[in-house]
Amino acid sequence: MLNIIDIIALIWFSVLWGGYTLYAKRRAKVVSCLSFEMRRKRNHWMQQMLKRDNKMADVGLISTLERNVTFFASSCLLILAGLLTVLTSSERLSVMLSGLIPWSMQTETQIQIKILLLAFIYVFAFFQFTWSLRQYGFCGVLIGAAPDGRAMPAEEQETYANRAAKVIDQAGHSFNYGLRAVYFSLAALTWFIDNILFIAATVVVLLVLKHREFHSKVLKSLQQC
């Protein structure tokens, strides 16, 4: 079974992943970040959509977003299939790792637990990506059903645009949750090498995500648009 350091590393990984998710969600409500700026842009997009006669460009954008999410969802299934295949060969994987990393002696049970952790992460990511995909489909329906904004009172136009943007925003959040899971799976991969490296890699992934979300050059460009 897992030793005490492995258990600490696993708890550390779970706390940092869950903690950062809550932190980013709450922080986005009070400071400018990628989520905040994209919410603003989506709202402006829906306001402009209501004023257009031909909404094919808007439908095309939604279709592009759906294709991007579909790629990640399909990739998760392929990775899961590979992980389940490796799980049946955990004994050979244990022997191979012992040869490659002689200072890290791991039992077959430890290898299986680590593979199951990766499988859990990609199952979670798959559910997030597919839910995001469905929500983008709902957005397409809202665009197709959108009334002529020029014939609507300004208040009703703003209300419809806000609600449509909210659906797109939720789809974007689900995609972000799935993508964040993929990032943290890279940290979990280092657990096969060393538990201390696993702890350090989790911190590195968190710092990379935080920098991109709150301090990236893309964010500064969005703030100026």
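Predicted model, so just to flag it, every value in this text is computed and none were measured.

1. Digging into a positive patch on the surface
Link 1 in the chain: Together, Lys25, Arg26, Lys29 and Lys166 give the surface a local cluster of positive charge.
Link 2 in the chain: Tracing the chain through its elements places Lys25 in helix α1 (residues 4-27).

2. Here's the deal with the packing of helix α2 (residues 34-50) against helix α6 (residues 154-189)
Link 1 in the chain: At a closest axis distance of 8 Å, the pairing of α2 and α6 adopts a crossing angle of 135 degrees. Accordingly, the angle class assigned to the pair α2 and α6 is oblique. Our pair here, α2 against α6, has a crossing hand that is right-handed.
Link 2 in the chain: The residue inventory of the contact of α2 with α6, partitioned by class, reads eight nonpolar, eight polar and five charged.

3. Digging into the confidence of the model for the protein chain
Link 1 in the chain: Mean pLDDT for the protein chain: 90, with 100% of residues reaching 70 or above.
Link 2 in the chain: Confidence, read as mean pLDDT per element, is least for helix α4 (residues 90-100) in the protein chain (76) and greatest for helix α7 (residues 195-214) (95).

4. What about the packing of α6 against α7?
Link 1 in the chain: Put simply, α6 and α7 touch, their axes get as near as 8 Å, and they point 150 degrees apart. One way to sum up the angle between α6 and α7 is to call them roughly antiparallel. As α6 packs across α7, the resulting crossing turns out to be right-handed. Residues Arg180, Tyr183, Phe184, Ala187 and Ala188 of α6 pack against Phe198, Ala201, Thr202, Val205, Leu209 and Arg212 of α7.
Link 2 in the chain: For the contact of α6 with α7, a count of residues per class yields eight nonpolar, one polar and two charged.

5. Section: the layout of surface pockets
Link 1 in the chain: Roughly 650 Å³ of internal volume is contained in the largest pocket.
Link 2 in the chain: Considering the residues around the largest pocket, the lining is formed by 26 residues, among which Leu34, Met38, Arg42, Phe175 and Asn176 are closest to the centre.
Link 3 in the chain: Elements supplying a minimum of two residues to the lining of the largest pocket: α2, α3 (56-87), α6, α7 and α8 (217-224).
Link 4 in the chain: The greatest single-element share of the lining of the largest pocket, amounting to nine residues, is contributed by α6.
Link 5 in the chain: Of the residues that constitute the lining of the largest pocket, the class distribution is 15 nonpolar, five polar and six charged.
Link 6 in the chain: One number sums up the size of the second largest pocket: a volume of about 360 Å³.
Link 7 in the chain: In terms of lining, the second largest pocket is formed by 19 residues, of which the most central are Lys25, Ala28, Ser35, Asp169 and His173.

6. Some points on the packing of aromatic side chains
Link 1 in the chain: The final tally for this structure, using the stated rule, is 14 aromatic pairs.
Link 2 in the chain: Taken together, a centroid distance of 6.2 Å and an interplanar angle of 35 degrees make the contact between Tyr20 and Tyr23 tilted. In this pair, Tyr20 and Tyr23 are both assigned in helix α1, three residues apart and thus about one turn of the helix distant.
Link 3 in the chain: Overall, the relative accessible area of 3% leaves Tyr20 in the buried class.
Link 4 in the chain: With a centroid separation of 6.2 Å and 75 degrees between ring planes, the pair formed by Trp131 and Phe138 is classed as edge-to-face.
Link 5 in the chain: Since its relative accessible area comes to 36%, Phe138 is described here as partly exposed.
Link 6 in the chain: Connected via pairs of aromatic rings, a cluster forms that spans Phe13, Trp17, Phe124, Phe184, Trp191 and Phe198.

Definitions and cut-offs
Every chain begins its residue count from 1, and numbering advances along the sequence as written. The predicted nature of this model means local features are confined to residues of pLDDT at least 70 and side-chain atom pairs, given and counted, to a pLDDT of 80 or more, with totals for whole chains, interfaces and linings taken over all residues. Excluding hydrogens and water, the side-chain figures rest on all heavy atoms present in the structure. Excluding any residue in a salt bridge, patches collect residues exceeding 30% relative accessible area, merging like charges within 9 Å and nonpolar Val, Leu, Ile, Met, Phe, Trp and Tyr side chains within 5 Å. The protein chains shown are the only cover counted for residues, whose accessible areas, like all others here, come from Shrake-Rupley with a 1.4 Å probe. A carboxyl oxygen of Asp or Glu within 4 Å of a side-chain nitrogen of Lys or Arg is what we treat as a salt bridge. None of His or the chain ends enter the tally, which takes Lys and Arg as positive and Asp and Glu as negative. One atom stands in for each charge, and that atom is NZ of Lys, CZ of Arg, CG of Asp or CD of Glu. By definition, any uninterrupted DSSP run of H or I lasting at least four residues is a helix, any uninterrupted run of E lasting at least two residues is a strand, and each is numbered from the N terminus. Helix axes use the C-alpha atoms of the stretch in contact, all axes being lines fitted to C-alpha atoms, and the angles between their N-to-C directions lie in the range 0 to 180 degrees. In what follows, roughly perpendicular refers to angles from 65 to 115 degrees, roughly parallel to angles under 35, roughly antiparallel to angles over 145, and oblique to any angle outside these ranges. Each crossing is labelled by how the near helix is turned from the far one, with a counterclockwise turn of less than a right angle marking it left-handed and a clockwise turn marking it right-handed. When residue character is reported, Ala, Val, Leu, Ile, Met, Phe, Trp, Tyr, Cys and Pro are called nonpolar, Asp, Glu, Lys and Arg charged, and the others, Gly included, polar. The predictor rates its confidence in each residue with pLDDT, a number between 0 and 100. Any two residues whose heavy atoms approach within 4.5 Å are treated as being in contact. Cavities and pockets were defined on a 1 Å grid built from protein atoms only: a cavity is a group of points that admits a 1.4 Å probe but offers it no way out, a pocket is an open group of points flanked by protein on both sides within 12 Å along at least five of seven lines, and a lining residue is one with an atom within 4 Å of any such point. Grid points are joined across faces, edges and corners, and a volume is the space filled by probe spheres set on the points. Ring geometry is summarised as follows: Phe, Tyr and Trp rings, the Trp one being its six-membered ring, pair when their centres sit within 6.5 Å, and such pairs are stacked at plane angles under 30 degrees, edge-to-face over 60 and tilted between the two. Think of it in three bands: residues with accessible area under 20% of the maximum for their type are buried, residues over 50% are exposed, and the middle band is partly exposed, with areas taken using a 1.4 Å probe on protein chains only.

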